[in-house]
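# Architecture at a glance
This is what each chain is made of:
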There are 4 protein chains.
Amino acid sequence: MQLNFNSPKPIYLQMVDEVKKALARGELSPGDKIPSHKERAQISQVNPNTVMRAYQEMERVGLTETLRGQGTFIKNDPAMLLSIRSEMAQAAVHQFIEEMRGLGIEPDEMAHMLRDTLHMERKEG
Amino acid sequence: MQLNFNSPKPIYLQMVDEVKKALARGELSPGDKIPSHKERAQISQVNPNTVMRAYQEMERVGLTETLRGQGTFIKNDPAMLLSIRSEMAQAAVHQFIEEMRGLGIEPDEMAHMLRDTLHMERKEG
Amino acid sequence: MQLNFNSPKPIYLQMVDEVKKALARGELSPGDKIPSHKERAQISQVNPNTVMRAYQEMERVGLTETLRGQGTFIKNDPAMLLSIRSEMAQAAVHQFIEEMRGLGIEPDEMAHMLRDTLHMERKEG
Amino acid sequence: MQLNFNSPKPIYLQMVDEVKKALARGELSPGDKIPSHKERAQISQVNPNTVMRAYQEMERVGLTETLRGQGTFIKNDPAMLLSIRSEMAQAAVHQFIEEMRGLGIEPDEMAHMLRDTLHMERKEG
DNA sequence: GTGGTCTAGACCACT
DNA sequence: GTGGTCTAGACCACC
């Protein structure tokens, strides 16, 4: 769970995204219990209120459900779960293309730069 | 100059980025005068002070220089100008890779998705 | 914190200098929390936005760091802190010499006048 | 005539001070004709209006007098002329002392730093 | 309450 | 008209 405290993006929304990514990665599965807001707050060095807001937001969008006294769980809604990964990926792709286009970079060069960077990282890493 | 008023990213920073992009695209050149903050404010439908802040930020990072009572001009610093395009492009590539990696997507699939989306857009557009 | 509202020097820059001076004097130490911009605004009888600008300038030059929702703190960068005093003093000395030289006053007389004035003040004060 | 276009001190006041300094240095004497505002504007790369304001200010404080059709001249007011040098020098000394005191520097160290810097400059220059 | 952005409008120095 | 400071007050995210 990587949070960027200097990003203009609100922390609670960053937390929601991180949960979605964990789901996309398969690190979190439907039915899984997620830490209580207090626990999460301690782990992430964030104020409990902020975690609360993140959890409320996740509940609101149907990502989780809360069982009184038992905790918060990833909802078992296959349709939604399936779409998360592809939706977020598509969004990332689009954002990338828009950004590159804004810089006046042609599609061929976009693919080229992506490939180059991936190759470089493979060697270094 | 496209501004997103709902983005969490401050408007004045968006304006700085837009100028950088225009430079990267070659639409703006060293020595060019950019509109006065009041003019820009009217065009972009934002408060003059917000534009001022963007302009001061640009001055601060050495992107522009200001002549008392005459206006604000793109600085003629070839080295810096050359690097803007590649720096911003590289940043976009990295951000894309990180985002995709966060979703558990492999390098090959990244390139694949990018290519697919670019192809689709070509047909549609 | 003495501010001169009639000085052509912007208030927000005067405030930055005052903090630097307090550091040089040892009245402020690394890690110290400085008053919130709203508090400072009330104390100094200036607009909160003006204080904000001063605080942002301090952050920009690496004098302070800010913790979301907690406040603004003097940065713990010993190297920088040590240099502030000597840099500001050296600047003052240079400015003095230049000013006196502009008046056609010789080095010996500069030292002489300084000594005289210091003596006079000692007796008066 | 050195003008600092980035100083917060208005240029027209800087010009007044420069004339005073030239008088203090003896480069300008009572009765001397000073350049017309247009000439001065060209020499100093400044807008004629700005020079006009400087000249008006000098007239206002009794430093110069204008003879219709003949130009502007340094006034022959011995009392005032005599005081300029010592007044400006005293002001510089006081400002220096205040600045150093603001940094928590003791009188002895002030004199010490001044002497050191003067010595260093003598060797370098 | 704390940092931070934005708007609106006044005032100033310089061209 | 151009850059620039300051005030006043609203609104937001986070603690």
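Above this note sits the structure.
Residues numbered from 1 in each chain as written. Chains lettered and ligands numbered in written order. Predicted model: local features only at pLDDT ≥ 70, side-chain atom pairs only at ≥ 80, totals over all residues. Heavy atoms only, no water.

## As for the interface of chain B and chain A
Every contact between the two is made by 33 residues of chain B and, on the other side, 33 residues of chain A. Taking both partners together, chain B and chain A bury about 3,000 Å²; carbon and sulfur atoms supply 66% of that area. Our count for the chain B to chain A interface comes out at six salt bridges. Between B:Glu109 and A:Arg85 there is a salt bridge, with the nearest N and O atoms lying 3.1 Å from each other. With 14 residues, the top contributor of residues to the side of chain B that touches chain A is helix α4 (residues 78-102) of chain B. Looking at the side of chain B that touches chain A residue by residue, the classes come out as 18 nonpolar, six polar and nine charged. (Contact = heavy atoms within 4.5 Å. Buried area = accessible area lost by both parts, 1.4 Å probe. Salt bridge = Lys/Arg side-chain N within 4 Å of Asp/Glu carboxyl O. Helix = DSSP H or I, 4+ residues; strand = E, 2+ residues; numbered from the N terminus. Nonpolar A, V, L, I, M, F, W, Y, C, P; charged D, E, K, R; others polar.)

## Some remarks on the relation of the copies chain B and chain A
Mapping chain B onto chain A calls for a screw motion: a turn of 179° about the axis and a shift of 0.0 Å along it, with 0.3 Å RMSD after fitting. Overall, the copies show the geometry of a two-fold rotation axis. (Least-squares fit on C-alpha atoms with pLDDT ≥ 70 in both.)

## A closer look at the protein's contact with DNA strand F
Surveying the vicinity of DNA strand F reveals 27 residues, the closest of which are A:Ile11, A:Asn47, A:Thr50, C:Ile11 and C:Arg53. The sugar and phosphate moieties of DNA strand F supply 76% of its atoms located within 4 Å of the protein. Interatomic distance of 2.4 Å between a side-chain N/O atom of A:Thr50 and a phosphate oxygen of DNA strand F. Here C:Ile11 contributes a backbone N or O atom positioned 2.4 Å from a phosphate oxygen of DNA strand F. At the level of elements, α1 (11-25) and α3 (48-60) of chain A, α2 (37-44), α3 (48-60) and β3 (71-74) of chain B together with α1 (11-25) and α3 (48-60) of chain C are the ones that each hand at least two residues to the surface near DNA strand F. Here the surface near DNA strand F is composed, by residue class, of eight nonpolar, 15 polar and four charged. (Near = heavy atom within 4 Å. Polar contact = N/O pair within 3.5 Å; in protein donor to acceptor, adjacent residues only side chain to side chain.)

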